[in-house]
Amino acid sequence: MATDSWAQAVDEQEAAAESIGSLQIKDKPEENGTVLNATNSTNSAAKSESEAESKPADDDDKDDKAAQSLLNKLIRNNLVNTTNQVEVLQKDPNSPLYSVKSFEELRLKPQLLQGVYAMGFNRPSKIQETALPMMLAEPPQNLIAQSQSGTGKTAAFVLAMLSHVDPNNKYPQCLCVSPTYELALQTGKVIEQMGKYYPEVKLVYAIRGNKLQRGMKLQEQIVIGTPGTMLDWCSKFKFIDPKKIKVFVLDEADVMIATQGHQDQSIRIQRMLPKNCQMLLFSATFEETVWSFAQRIVPDPNIIKLKREEETLDTIKQYFVLCNSKEEKFQALCNIYGAITIAQAMIFCHTRRTAGWLAGELSREGHQVALLSGEMQVEQRAAVIERFRDGKEKVLVTTNVCARGIDVEQVSVVINFDLPVDKDGNPDNETYLHRIGRTGRFGKRGLAINMVDSKMSMNILNRIQDHFNKKIERLDTDDLDEIEKIAS
Ligand SMILES: Nc1ncnc2c1ncn2[C@@H]1O[C@H](COP(=O)(O)OP(=O)(O)OP(=O)(O)O)[C@@H](O)[C@H]1O
């Protein structure tokens with residue numbers, strides 16, 4: 001993502017210097033011969049393996065995207081709300097467009113309806129309202145769907161897969177490809193949850209560490225895995241008969257195309273499938289590369305798009321503080337904390353080193369601080385974010401790379417200990433907006449404090465101010481009365 005390239009570059013440099021891998025995807029899968037299925041797979045068994053296929057060690061961008069996506073999944077426990085309408089482009093514009101307001105209307109198998117309700121879903125999400133009737137239609141319809149993470153895509157295609165399989169047929173009928181082993185596992189978990197009352201349907205993971213006996217034929221109805229192994233299982237080893245596949249799902253297309261090889265492997269799998277196989281593709285974003293890939297994978301598609309909720313600075317009070325060094329910035333921060341009550345704050349630093357230093361200083365001052373740092377594994381990051389969300393820590397210090405995509409709703413104070421700049425040192429307006437912006441419809445008020453420590457950063461601040469055409473007021477942190485006023 002271009003907007004975070006500065007922070008990523010910084011993190012990469014640091015990682016290289018320290019020889020600490022900042023990557024979150026574990027490196028080598030262990031060899032083991034078990035088939036994990038919906039009824040017997042356990043987390044720990046599955047976690048002992050890892051996906052390393054077709055992954056150049058230096059492909060940080062892809063790892064970063066995959067890690068970010070995994071992080072989002074790990075920390076999300078409900079739907080992202082949206083007031084935007086879905087945009088639908090039908091293959092046959094004359095056929096009536098169905099959308100449903102309840103799961104009952106979909107005439108699901110009772111076991112699946114029970115599974116859906118057991119997951120706490122009361123009604124379809126915005127994207128599911130339109131996507132589900134399309135995916136469950138007879139004859140099957142192809143679909144390309146784009147909406148941001150957390151809007152219910154995974155749940156939708158899992159329900160479609162579970163609806164289409166015939167448990168009496170003991171062979172694979174649905175293939176689902178994901179960019180990494182960890183992401184495949186997350187989807188597998190959703191299949192297990194939703195299929196809880198439908199135990200006849202079995203699931204197997206097509207991942208590198210999962211070695212099967214030559215000549216065997218899979219009996220599980222759903223296969224979920226990464227493209228390389230899936231392709232091998234279909235062609236080289238023939239564990240799967242691709243001609244019997246009814247549904248092909250390609251998840252996280254935008255993450256997928258960031259990995260060399262995955263695109264070709266996915267296309268090669270797709271070519272082996274029968275003409276009437278339903279093709280479904282999902283993506284959080286839709287830049288040109290994703291779009292052209294999507295069109296190669298999904299012929300004659302229906303297309304559903306859901307716009308992101310826009311962030312706005314309208315309800316944010318923005319200030320800047322003038323300092324000369326990072327120590328002065330820290331002192332200013334202490335003054336602010338001394339004058340106003342801050343329930344929870346997020347503090348952004350440019351480098352991991354500064355973040356580490358600041359977290360140390362703040363905890364010496366007696367603050368309960370959480371630190372998100374580049375060398376942490378995704379699971380560790382998710383744990384830190386969850387503790388912060390639960391209010392166990394009051395301050396979260398982070399670099400931008402780590403915090404990308406995190407939405408901690410209760411945080412009303414954001415401090416830019418360093419201003420966001422891109423690789424060339426220009427203001428990174430998008431990141432600025434993303435750090436402090438709120439989705440307007442909640443009308444939530446927020447406070448943003450920017451630390452300025454040089455002529456250069458003053459210049460950055462002015463340009464950010466001009467870009468958004470919103471005044472950023474000066475705050476004198478030596479004046480207690482003045483600080484108190486900003487909280488009112
Ligand atoms: N209809 C629904 N009602 C309530 N919760 C739902 C519904 N559909 C999905 N969810 C929940 O919302 C969260 C996001 O859903 P889901 O994972 O399907 O979204 P996604 O668009 O695939 O995002 P991601 O790619 O990040 O997983 C999950 O916790 C899921 O259990």
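Residues numbered from 1 in each chain as written. Predicted model: local features only at pLDDT ≥ 70, side-chain atom pairs only at ≥ 80, totals over all residues. Heavy atoms only, no water.

Selection criterion: UniProt positions are given in the numbering used here, feature names are shortened, and annotations may be inferred rather than shown by experiment.
With an unreviewed UniProt entry as reference, the protein chain is termed RNA helicase, source organism Kryptolebias marmoratus. Quoted verbatim from the Catalytic activity (unreviewed entry) field of UniProt, the annotation for the protein chain is "ATP + H2O = ADP + phosphate + H(+)".

Side note on the UniProt feature "domain: Helicase ATP-binding" (unreviewed entry) in the protein chain
Put simply, the test is: A run of H or I in DSSP becomes a helix once it reaches four residues, and a run of E becomes a strand once it reaches two; helices and strands are each numbered from the N terminus.
In the numbering adopted here, UniProt assigns the feature "domain: Helicase ATP-binding" (unreviewed entry) to residues 134–304. Between the C-alpha atoms that bound residues 134–304 the distance is 10 Å, and the span itself is 36% helix and 17% strand.

Quick word on the site of the ligand
Selection rule: For each residue, the test is whether any non-hydrogen atom lies within 4 Å of the molecule or strand; if one does, the residue is near. Identification of polar contacts relies on pairs of N or O atoms within 3.5 Å, with a donor-acceptor requirement for protein atoms, meaning one able to donate a hydrogen and the other able to accept it, and with residues adjacent in sequence counted only if both atoms are side-chain atoms. For this classification, Asp, Glu, Lys and Arg are treated as charged, while Ala, Val, Leu, Ile, Met, Phe, Trp, Tyr, Cys and Pro are nonpolar and the rest, including Gly, are polar.
Around the ligand, the surrounding shell holds 19 residues, and the nearest of these are K73, R123, S149, G150 and T154. The contact in question runs from an oxygen atom of the ligand to an N or O atom on the side chain of S149, over 2.6 Å. Separating an oxygen atom of the ligand from a backbone N or O atom of A155 is a distance of 2.9 Å. Sort the elements by how many residues they give to the shell around the ligand and helix α6 (residues 153–164) lands first, with three residues. When the residues that make up the shell around the ligand are grouped by side-chain class, the tally is five nonpolar, 10 polar and four charged.

Considerations on the packing of aromatic side chains
Short version of the rule: A pair of aromatic rings is counted whenever rings of Phe, Tyr or Trp (Trp by its six-membered ring) have centres within 6.5 Å, and the orientation is called stacked for planes under 30 degrees apart, edge-to-face for over 60 and tilted otherwise. Burial here depends on accessible area, computed with a 1.4 Å probe over protein chains only, as a share of the maximum for the residue type. Under 20% is buried, over 50% is exposed, and the range in between is partly exposed.
Taken as a whole and judged by the stated rule, the model has eight aromatic pairs. On the numbers, 6.5 Å between centres and 85 degrees between planes, the contact of F103 with Y117 is edge-to-face. In this pair, F103 is assigned in the loop between β1 (86–89) and α4 (110–118) and Y117 in helix α4, connecting sequence segments 14 residues apart. Owing to a relative accessible area of 2%, F103 belongs among the buried residues under this scheme. The class for Y117 is partly exposed, based on a relative accessible area of 33%. A ring pair is formed by F157 and F282, whose centres lie 5.0 Å apart and whose planes are at 40 degrees; its orientation type is tilted. Of this pair, F157 sits in helix α6 while F282 sits in strand β7 (residues 278–283); the two residues are 125 residues apart in sequence, bridging distant segments of the chain. Summarising the burial analysis for this pair, F157 and F282 share the class buried. Among the aromatic residues, those joined into a cluster by ring pairs are W233, F237 and F239.

Structural notes on the domain arrangement of the protein chain
Heads up, the rule is: By convention here, the domain bounds are inherited from an automatic or database domain assignment.
In terms of domain boundaries, the protein chain breaks down into domain 1 (66–306) and domain 2 (316–487). Look at where the C-alpha atoms of domain 1 and domain 2 centre, and you get two points 38 Å apart.

Some points on helix α17 (residues 455–468)
For clarity, the threshold we go by: By definition here, a helix of n residues has an expected span of 1.5 Å times n minus one. Here the arc refers to the set of directions running from the helix axis out to each C-beta atom.
The end-to-end C-alpha distance of α17 is 20 Å, a good match for the 20 Å that 14 residues give at a rise of 1.5 Å each. Buried within α17 are the following residues: S457, I460, L461, I464, Q465 and F468. The arc enclosing the buried residues of α17, seen along the axis, measures out at 135 degrees, which places them on a common side. Away from its buried face, by an angle of more than 90 degrees, α17 presents the exposed residues K455, M456 and D466. One or two steps after α17, the chain reaches N469, where phi turns positive at roughly 55 degrees.

Structural notes on helix α14 (residues 378–389)
Relative to the 16 Å expected for 12 residues at 1.5 Å per residue, α14 spans 16 Å between its end C-alpha atoms, a close match to the ideal helical length. Of all the residues in α14, the buried ones are V378, R381, A382, V384, I385 and F388. The arc that holds every buried residue of α14, seen down its axis, measures 160 degrees, which confines them to one face. Downstream of α14 by one or two residues, G391 has phi in the positive range, about 80 degrees.

Side note on the UniProt feature "short sequence motif: Q motif" (unreviewed entry) in the protein chain
Mapped onto this numbering, the UniProt entry gives "short sequence motif: Q motif" (unreviewed entry) at residues 101–129. The span residues 101–129 shows a helical share of 45% and a strand share of 0%, and its end C-alpha atoms are spaced 6 Å apart.

Quick look at the sheet that holds β1
What counts here: Paired strands, in this sense, are two strands between which DSSP finds at least two bridges. Axis definition: a line fitted to C-alpha atoms, over the contacting stretch in the case of helices. Angles run 0 to 180 degrees between N-to-C directions.
Ordered by their spatial adjacency, eight strands build an open sheet running β1-β8-β2-β7-β6-β3-β5-β4, and the pairing between neighbours is mixed. Strand pairing shows two members of the sheet lacking a second neighbour, β1 and β4 (203–206), which therefore form its edges. Pairwise comparison of adjacent strand axes, ignoring direction, gives a mean angle of 15 degrees for this sheet. As paired strands, strand β2 (residues 143–146) and β7 are joined by four bridges and run parallel to one another.

A few points about the nonpolar core
One broad trend across soluble globular proteins is that nonpolar side chains are buried collectively. We apply this condition: Residues belong to a common nonpolar core when they are buried Ala, Val, Leu, Ile, Met, Phe, Trp, Tyr or Cys residues joined through side-chain atoms within 4.5 Å. Contacts are assigned to residue pairs that have any heavy atoms within 4.5 Å of one another.
In this structure, M135, L143, M161 and I222 are the most contacted members of the largest nonpolar core, which totals 45 residues. Setting aside chain neighbours within four positions, we find M161 in contact with C174, C176, I191, I222, V247 and V249. Formed by 35 residues, the second largest nonpolar core is a distinct cluster that contains A66, F348, I460 and F468.

So, the confidence of the model for the protein chain
What counts is decided by this rule: pLDDT: the predictor's confidence for each residue, scored from 0 to 100.
Across the protein chain, the average pLDDT comes to 83, with 84% of residues at 70 or higher. Confidence over residues 1–7 falls short of pLDDT 50; this stretch has 22 contacts with residues more than four positions distant or in other chains. Across residues 9–62, where pLDDT falls below 50, the model places 132 contacts with residues more than four positions away in sequence or in other chains. The ipTM value of the predicted complex is 0.97, and its pTM value is 0.79.

Comments concerning the pattern of salt bridges
A side chain of one charge can pair with a side chain of the opposite charge if their charged atoms are brought near each other. Here is the rule we go by: Salt bridges are defined as contacts in which a side-chain nitrogen from Lys or Arg sits within 4 Å of a carboxyl oxygen from Asp or Glu.
Tallied over the full model, the rule gives 10 salt bridges. Three or more residues are tied together by salt bridges with common partners; here these are K101, R123 and E129.

A few points about the environment of K236
Position of K236 relative to the elements: it lies in the loop between α8 (227–234) and β6 (247–250). Separated by 34 residues in sequence, K236 and K202 have C-alpha atoms that sit 23 Å apart.

Description of the environment of R268
If you trace the backbone, R268 turns up in helix α10 (residues 262–272). Judged by relative accessible area, which is 48%, R268 ranks as partly exposed. The spatial distance from the C-alpha of R268 to the C-alpha of G215 is 21 Å, given a sequence separation of 53 residues.

Thoughts on the sheet that holds strand β13 (residues 395–399)
One open sheet holds the seven strands; their spatial order is β12-β13-β11-β14-β16-β10-β17, and the pairing between them is parallel. At either margin of the open sheet sits one strand with a lone partner, and together these are β12 (369–372) and β17 (473–474). Looking at chain direction, strand β11 (residues 345–349) and strand β14 (residues 413–416) are connected through four bridges and run parallel. Each bridged residue has a counterpart across the sheet, and for A345 the counterpart in β14 is V413. Against the sheet, helix α12 (residues 326–339) contacts β10 (316–322), β11, β13, β14 and β16 (446–452), and its axis sits at roughly 155 degrees relative to β16.

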